[in-house]
Structures are given as C-alpha cells and as structure tokens.
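Structural description and commentary
What follows is each chain in one-letter form.
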Amino acid sequence: MSSVADILLYASGAQRRATDPGHSAWVEANAGTGKTKVLTDRVTRLLLAEVMPSRILCLTFTKAAAAEMRNRLAGRLGRWAMADDATLDKEIAGLIDQPATAEQRTIARRLFARVLDAPGGINILTIHAFCQALLKRFPLEAGVPPGFDVMDEADAGSLLRGAQDEQIALLARPEAPKPLVEALAAVANKVSIAEYSELMARLLGERAWLLARIADDKGLARVRRLLSKRLGCDGHVATAPDEKSLRAAVGALAAGGKQDLQRGRAIAEWLDADAEARPRFLDAYRAAFFTEKGEVRKALATKAAVAAMVDIDTVLRREAERLGAELNHAKGVALVDLTIGLLRLGLDITQRYGAAKRRRATLDYDDLIVATRRLLEGAESASWVLYKLDGGIDHVLVDEAQDTNPDQWEVIRRLTEEFFAGAGAVDRNRTIFAVGDTKQSIFGFQRADPRKLAEMRDWFEARSQEANKRFAPVDLTVSFRSTPAVLDAVDRVFAQEEAARGVATAGQVEHVPSRQAEPGKVVLWPLVGADKTETDTDDLDGARGGLAQPHERLAALIAAHAGSLIGKERRARSGDKGGEKLNAGHFMVLVRRRNAFVNALVKALKRERIEVAGVDRLDLGEELAIQDLLALARFVLLPQDDLNLACLLKSPLVGLDEDRLFTLAWKRTGHLWRALRERAGDPAFAPAYTLLSTWLRRADFTTPFDFFSQVLGPEGGRRRLLERLGREAADPIDELLARALQYQRAEAGSLQGFLRWFEEGGGEIKRDLDANRRHEVRILTVHASKGLQAPIVYLPDTTRVPQSNDRLLADEDGTARLWIPRSDDANDAAREWRTATRDRALEEQNRLLYVAMTRAEDQLFVGGWIGSRKPDKGCWYERIATGLAVSDATPRTFDFSGLIGAEGWQGEGFELVREGRIEPPEQEELPLSEGDALPKWIAVAPEPEPDPPTPLAPSQPLPDEATSEPRAFSPLAVGDAGRWRRGQLLHDLLRHLPALPAADRAAAATRYLSQPAHELTPEEIE
C-alpha cells in the first residue's frame, strides 16, 4: 500500500466487511481507525436492510459515546431524507459498495421518520442505562424496588460511610455477632486506623464483586476453599521433627563457637518445651535456621561442630526444610483467615448498605449490573425475561469491548445465547458485533481484563460455527487520526519487548497512516532537573527554594510553547481548501496524576493569557465563593468558632474591613460572636450583626438548599460575591445549590449533614471537557482522555512508574481476593500472587502509554521533571527515548534558558519530523529566537523588596516628604475625614474616564478634579 488511494481502498474494504449486516463480526481496531464510524455504518446498513429500529441494541462505554453515535446517525438519516437522487445514490453506494437500487433509495429517505416514530427510537445506550431500563421493566423478577432511582457516586459514598458507622457501633455492643467481632479483632491487629479506612474503601469499591461472587456465608466458605488451595494449605499433613537427631546436633553445637552455642540453645529450648509452649520459642528457633530475609543460612554449623557430628549439616538442613514448609503452611492459613475476616466485614457493610438503599428505593451503578446478571441467570425468572427479550432484540453491537468487565460480559452473553440456538438461529438473521482494542484496555480498576475480549471472541465464534452462521474477524489498522510522525513513534516505542508487554507481541504493533502526505512532529524535551539552590525534593507539595521547582518550569515551558503556536496555520487535510489557525482548543495536556503540576500549569497558561478549561475533576471546596458559603454554614452550626467567624466577617457576604474587624477582636473578653453581639447598637457593626442573627435563627428550620438560596437571592449574597470575585464565581455557586438540592432529595434536610457530606466527597465534580467545547486548553488524566484527540498533545508526567502497593490482590481470573497486610505475612504462593499482580499492573501502564501517545493528531511533545531521584527504570520517558533513538528522529540540543530567564535549563532530546506537501508551522521552542537580544533587565538582579512588602493600591496615600516612606495610619485612627480622598478620586476617574473618547480624557479629568463635590457623571463631564 504505497499510495494514499491504496490505503483508503484497503481501509474501506475492511470497514465494509465489519459493517456487513449479514453476519456477526468481531473487530480489533487500532487507535484512530474510525470505530465510531464503523458502528454508525453498521447500524445504518441494518436499517437499510429493513431491520426494525427497536430490534437493534448498541451498547457503548460512555454517555458521550452514545450521544456521538446518535448525533452521527441522526445527521446521516436527516441528510438522506432531503438529498437529491445523485447525492443519495453516491452515499448509499459508498456504504454498501454497490449501486443503489430504487427500492433502497426509497427506504433510505424514509429511515429518518421511521427511527423517529419507533417507540424509544434506536437503543444506543451505555451498559448501565440498558440494565436500568431492563430492571425497570422487570423489577419484581429482579428483586429490585419498582420505580427505583439511581444514585450518583456522592450519594453512594454517603450511604457507605453510614453503613460503616453502623457496623462499628454494632461491634461495640455486647450482643455483637461473634464472627464479626473476631474478624474485626484479627484485621485491626494488623493495620492502623488510617490503613483500615483505606483498606475498607478499596474493598467496598469492589462491592459488585462481593455481591456477585460471595453474597453470603456459603460464598465465604467457597472462597476459603479456593484460597486454601491457591496458597497450598489445603490437605496439608504436618510432619514431626526428628527430635533424636536434633538433640544430638545440640550436643555437637555445644562444642562449637559462640554462634553454635546460641543456635544450640535456641534449638534445645524449643525441643524441651511442650506442644502448647513451643510457639513462644518459635521466633528464636526459626532464627537458628533462617536469615531475616527468610532464606536458609549458608552455614548452619562451624567446623568444630561438624567435627563433633559429621552429619550435623544434613540434620539441620533437613529440619530447616521441614520447618520452612510448616511455616509456609502456617502463613498461608493465617492469610486465608485474615482475608476471610476482611471479606466478612466488607460483606456485612455491603449488606447494610444494600438495606439502606432498599429503604430509599435506590440502586447504585454496580447494582444495575449485578441485578441484571442475577435476573438473566435466575432459574425462575430467566426463561420468562429472555422469552420477552428474545422477541425484541435481533442485533447487539458492543463498543469499547476491551473495557467491558466480566459481569457485563455475562449480561451480554445471556442476552445473545438464543441467537445461536433453536428457532432463534434459523428463523431470522441475528448477529453480534463487537469492536475493541486490547492495546487500549486501561480500566483494570473497574475489573476490565483484555484477555476477556479474546475469550468472548472465541466463545461467540464457536457458537456461530455450531449454528452454521458466518462470523467475520476483522482488523482495522489504518489510522485516520494521526500523522506518520506520531504513528512511527508509537510503532518504534512498542517494538521494544518490555514496552510491548501486555500490549502486543514486540514488533507487531503496526499502524498504517492514511494521512501519508501530511506533516507531523514528535519532540522529546530534555528532563527538567532540580537547580542546586533549590530544595532537593520529589514532593510536589513540599518545601521550595528560591527558584521555581522543576515541575513549575516545565509548566511554564508548555504554556510559552503553546502560546508561540496559537494563531499559526495548523495544516490542511487532504481535500480541504486550506489550513486552519491553531487556537487554544487544539491543545491537550495529559497527566498521570492530578497533582501540583496541574495547578502550576493552569497558572502558567493564565499568565500567558491562554484560555484553559481547567482540570477534568473539580473540587468545589477549593473555590473562594464556596469557602465563604461553607464558612457561613459552619458559623450557624457553631458560632463559637472564632477563626471561622473572622473569615466570614471579612468575606463579601458580610464585608467588614480590616479596621472594624480589628476593633471588634482587639482585647475582647470572650468569643468573637459575643463581642459582635455586644456592639449590635454600633452603626459600624449593626448590619453585620443583623445579617448573622437572621442566618442563625433560620438555620435550624430550613433545608440546605433553602438556606443558601435565601442567602444568595433576596439577601444579596450572590451579588456581593460576584462583585468581589468576578463572574467566574457564578458557576461554582450554582453547582453548590445543585449539590444541596441533590443531597436533601436523598437525605434529611440537615445543614450539619450536608456539610459533612460535602466535605467527605460531595463537593467533587467530574467534568466532561469534550462536551460543549470552547477554544480552551484541556488538561486531562490519560484515563479521562480515552476516546478523545487533539492536534497537539503534551505528555509531561513521564518519569515515575506508579508503584503497585495494593495489599488487596485480585487473582488472574477475578474469582478471589487475597489480603497481604505486610510483606512478612506472605508465604511462597502469596508472593507469586503478588508478583503476578504487579506484572499485570505494569502491563496496564504500557497500555496506558499507548493510549496517551495515540491521542495526538499532528504533534506530540514529551517532557518530564526530576528531583533528587533519577527517572524510574522503565518509565514512559525512557521508553519513548529508546523508541525515538532507533527511529529517524534527530538528536537535538535544547536550550530553554532564554524562555524562563535564569530558571531555564538545557539538555539533549530528540525531534522526529515528517515533512508533507504543506510546510508545517514553524515550531518555536522559545518565544525569543537565538538571534534576538534579551532585554537588559533580565540579567540585572532586582532591588530587594521591603520586608514586609508594601501593598500597592490606588487609595495609598502619598509618601511622607521627610522619609519618602508611605504614610501609615492606625486602624483605630478617627476624625480624619479626608484621609482616603486621593484613593476615592482615583477610583472615580478610573470608573468614568474609559467611557469618554481618549482625546477628551485629560481635559475631562482636569475639569472633574476642579469641582468641589467630585461626583460628576460622564454625561455631566461632557
């Protein structure tokens, strides 16, 4: 495929095989190969083949993907309804690869109305939305409340915390169930309070697995048997020590050196103890044979002891082997007991959580999958439900199949079993279609497993063959997204064996670019190191030295680099009339973690005056307006909190200035609220006291939403906040009201309860940065970027390999969990389990890198920062550098000193450029080219600032003539009515003069200042 025409012909043929409605298809698609187009084309061809819209079910991974499919389908069918014959024939022929008939033309024009009139339209849904609709239809059969509501994550988290509190309260009582008490005692003996909280949060995050795989005591017994078998402690028969030989060895050790004597004494003490007492001497006995690392000692006896007993080494090593086996078994038994205890606690909380949901008639997202699977597998209800569904679904399409977890696959399997059996396989054409990419399976924390994709493919293929139905595996390898430079870099990186682990066989990751003639670039910047004068730390939130931290310098580089590209021509795609100008919306920054780098980048972009959409997950509690409103809520709940009240008084909601707050607080005899109450008759404090008293009286009698609505609406709180903080504060305020309304729909309308709920996670907002997109830079985690793309992508967080320190480990097939509290608690089988888990985590990190690199359409820029540590071995930066080194990339020396002054850095990197028929925009690495002279001030140290620095303000009085220092007034000074006159005049001028023509402003200002009142409006000035 040397030409673009050949590539497009090949891609079109593969897509048509995948979209053929006459057979089932299983599509493995690389990134950017048009998965959404293929799905839309297959649905369109099904409709063109006169399949009823209601018989098509398309399951997507996200709501955004479902909406995108609906929009594309509606747009195409709408065009067909209005198109002339020639245009319609061309589109139909391009879809089915044969001339359109008159009948097909008629059908095509009617499809828009047919879909519109179909009850419910075409079912293009997320798997959760489909399960919700199914459970609404069969609530009694599924055992769920009719008319149930679905909770979001914040409500679910609140109920879970309530269930945990309920369990702890129960276990503190004398009548608490003994198994639960023993389980808590065993678990608490191994972890701290903080560790226990983290552990339970991790376990309860898998409550769907707890309900599906365990559910009750029988399930716990089943998991216990499975764990015992996996850890090698089932059917174990203990072996007795050869005490006679060991006592002989003790005698021989007595003739040896000091170490022999200590070893002999430990062995003798253990031998002399009875069976019940021996555990007390076990640690010393074990130390006689093993090192601290658990390895058998190289020398168990000295030459003197060997001379006294020739076979002493054989006797001691035999006992070491026996003891090692017994200790290994004992550790396995202990791990099984601990894991079952933990699972018992988690199952109890999950059951209490389920009872709370039943009382509210609500389900969470996990319940939707678990209940649907139970419904379709139940012996009593499954036949009836499947019979009703069997007559309504003929074609199932699954999007992003690699991220579908085992429980979701079981739902799909049950839905489609009848497609390949009995009359369902003979009477009419019924198909399964799935599209996915194992290289992009990155949601392991949601129990997605890339191997499940291959397993389900084999299952469906086998069932199709049994039913004599066609089943077509299709590979889509032609990328319509990225330029050759980006794809070449991806292929080179994953040609490495270590990088390819979990992605594909090394050398088999291969992409065919359709944009053959278009320019692109991949750049590897040198790492930003810590300056010698800086605090040498890897902690982004740690102490900092005099210069900017490495991550801040990298953030500044990205902002400056993006600023240098905005406004330049992007490129012209094949067939376009011309290029387009780059704007902020063409840039995407992908990070591994939401840390201080993200905050530094947002600040750097704003300094460069580049519009930025912020981060994909927002904490409302960090917004100033929300902090003021929460301070109000805390005040009405606890007026005695002086610091909180002081913050509230200074906030725009009340508006006391520094002078009045100082007057109120200085030398008071009690709480600040008492001092304010005592000054309620003072005109300076009366408005504040009236406001606070009103809020305080109302707090116990209104819901959170009504309370905040009253404060923000009729009482002017919103207006005051926006005047002080700007219009951007409006969105967080509205979101707080929405959260308050959401909370009181599920909980009692308590302000105290809302405050706790909000602080424990209710204030976190997930934002879809791809919806209603504006021209703003997007900053996303790699996980959140799945399915998105941008012309220019920055990958800055590349130098660390996340360490898998999870103590609760899933096995390879997801049937069991193992808890290893400490490394020393693991036996041999548990260590192998942990190693396998870490290997799977590293494989997922490789797949995450694949997703990150393939988001770039035209250009990819890779950077990273380091502190006192070198980059981790096997980090993304190392993998990309190795790949570029064996490609056509050019080694290049980068110098960023001119970009950020003395805080810049230099180093070696790579640049991979693919020229095209259109000259790519000049990629300025620095806003200043090497030939431009830097301004003189950049090399001159600034004058020292006064300590403390003097704040600048328009109302600052003129300096004292004698000292040249600004005059300072006491906060308590009174009687000087003209002290702020200069500032008032300046503020008035700044308010009125911009409304006048520039040429008239000087004269107007002179005339204005000559008036005694100084309160003229612009009209009066004119």
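Please read these numbers as outputs of a predicted model, since none were measured by experiment.

1. Quick look at the overall build of the protein
The number of helices and strands found in the protein is 40 helices and 22 strands. The buried share of the protein, taken over its 1022 residues, is 48%. Contacts spanning at least 24 positions in sequence make up 75% of the contacts within the protein whose residues lie at least 6 apart. Approximately 49800 Å² of the protein is accessible, and the part contributed by carbon and sulfur atoms is 52%.

2. Considerations on unusual backbone geometry
Despite not being glycine, alanine 215 shows a phi value in the positive range, around 75°. Structurally, the position occupied by alanine 215 is in the loop between helix H11 (207-214) and helix H12 (217-230). Non-glycine residue alanine 361 carries a positive phi angle of around 60°. Assignment of secondary structure puts alanine 361 in the loop between helix H17 (312-360) and strand S5 (362-363).

3. Thoughts on the pattern of salt bridges
Taken as a whole and assessed by the stated rule, the structure comprises 60 salt bridges. Here arginine 817 and glutamate 206 are joined by a salt bridge, their closest N and O atoms 2.4 Å apart. With a gap of 611 residues between them, arginine 817 in strand S19 (residues 817-819) and glutamate 206 in the loop between helix H10 (193-204) and H11 connect regions that are remote in the sequence. A single burial state applies to arginine 817 and to glutamate 206, both of which are buried. Taken together, the shared-partner salt bridges in this structure form one network comprising Arg207, Lys357, Asp364, Asp366 and Asp367.

4. Things to note about helix H2 (residues 35-48)
Under the 1.5 Å per step criterion, the end-to-end length of H2 is 20 Å for 14 residues, consistent within 8% with the ideal 20 Å. Looking at H2, one finds that the buried residues are Lys35, Val38, Leu39, Thr40, Asp41, Arg42, Val43, Thr44, Arg45, Leu46, Leu47 and Leu48. In the segment just after H2, glutamate 50 is the residue with positive phi, at about 65°.

5. Digging into the side chain of lysine 786
For lysine 786, the position within the fold is in the loop between strand S16 (777-781) and strand S17 (790-795). Overall, the relative accessible area of 14% leaves lysine 786 in the buried class. Of note is the side chain of lysine 786, whose polar atom sits 2.6 Å from the side chain of aspartate 403. Contact partners of lysine 786, with chain neighbours within four places excluded, come to Glu400, Gln402, Asp403, Gln440, Ile442, Phe443, Val851 and Arg855.

6. Considering helix H33 (residues 717-725)
Of all the residues in H33, the buried ones are Gly717, Arg720 and Leu721. Projected onto a plane normal to the axis of H33, the buried residues spread over an arc of 100° and lie on a single side. Residue glycine 726 follows H33 closely and has a positive phi angle near 95°.

7. Description of the confidence of the model for the protein
With 85% of its residues at a pLDDT of at least 70, the protein reaches an overall mean of 81. Contacts for the low-pLDDT stretch residues 533-539, under 50 throughout, to residues beyond four places or in other chains number 25 contacts.

8. Describing the packing of aromatic side chains
Enumeration according to the criterion identifies 25 aromatic pairs in this entry. Pairing tryptophan 459 with phenylalanine 460 gives two aromatic rings, centres 4.9 Å apart and planes at 85°, and the pair type is edge-to-face. The class for phenylalanine 460 is buried, based on a relative accessible area of 0%. Where phenylalanine 635 meets tryptophan 673, the ring centres are 5.2 Å apart and the plane angle is 75°; that geometry is what we call edge-to-face. Remark: tryptophan 673 occurs in helix H30 (residues 672-678) and phenylalanine 635 occurs in helix H27 (residues 624-637); sequence separation between them is 38 residues. Neither phenylalanine 635 nor tryptophan 673 differs from the other in exposure class; each is buried. What links up through ring pairs into an aromatic cluster is the set Trp26, Trp409, Phe419, Phe420, Trp459, Phe460 and Phe471. Here the guanidinium or amino end of lysine 136 rests over the ring plane of phenylalanine 148, the centre of that ring lying 4.5 Å away. Note that arginine 278 overlies the ring of tryptophan 270, its terminal NZ or CZ placed 4.1 Å from the centroid.

9. Description of the nonpolar core
By size, the foremost hydrophobic cluster in this structure holds 45 residues, and its most contacted members are Leu648, Leu649, Leu692, Trp695 and Phe707. Looking at this core, the elements with two or more residues in it are H27, helix H28 (642-650), helix H29 (658-665), H30, helix H31 (686-698), helix H32 (704-712), helix H34 (730-746) and helix H35 (751-762). Element by element, the count of residues in this core is highest for H27, at nine residues. Not counting residues within four places of it along the chain, the set of residues in contact with phenylalanine 707 comprises Leu632, Val636, Trp695, Arg698, Ala699, Thr702 and Leu751. Ala163, Val187, Ile214 and Leu342 belong to the second largest nonpolar core, which has 44 residues in total.

10. Observations concerning the sheet that holds strand S8 (residues 471-476)
In space, the six strands of this open sheet follow the order S3-S2-S6-S7-S1-S8, with parallel pairing throughout. Unpaired on one side and paired on the other, strand S3 (123-126) and S8 mark the two borders of the sheet. Put simply, the sheet's adjacent strands are angled 15° from each other on average, direction ignored.

Rules used throughout
- Residues numbered from 1 in each chain as written.
- Predicted model: local features only at pLDDT ≥ 70, side-chain atom pairs only at ≥ 80, totals over all residues.
- Heavy atoms only, no water.
- Helix = DSSP H or I, 4+ residues; strand = E, 2+ residues; numbered from the N terminus.
- Buried < 20%, exposed > 50% of the residue type's maximum accessible area, 1.4 Å probe, protein only.
- Contact = heavy atoms within 4.5 Å.
- Areas by Shrake-Rupley, 256 points an atom, 1.4 Å probe, with all protein chains shown as cover.
- Salt bridge = Lys/Arg side-chain N within 4 Å of Asp/Glu carboxyl O.
- Expected span 1.5 Å × (residues − 1).
- Polar contact = N/O pair within 3.5 Å; in protein donor to acceptor, adjacent residues only side chain to side chain.
- Arc of directions from axis to C-beta.
- pLDDT = per-residue confidence, 0-100.
- Phe/Tyr/Trp six-rings, centres within 6.5 Å; stacked < 30°, edge-to-face > 60°.
- Lys NZ or Arg CZ within 6 Å of the ring centre and 35° of its normal.
- Core = buried A, V, L, I, M, F, W, Y, C linked by side-chain atoms within 4.5 Å.
- Pairing = 2+ DSSP bridges.
- Axes fitted to C-alpha atoms, helices over the stretch in contact; angles between N-to-C directions.

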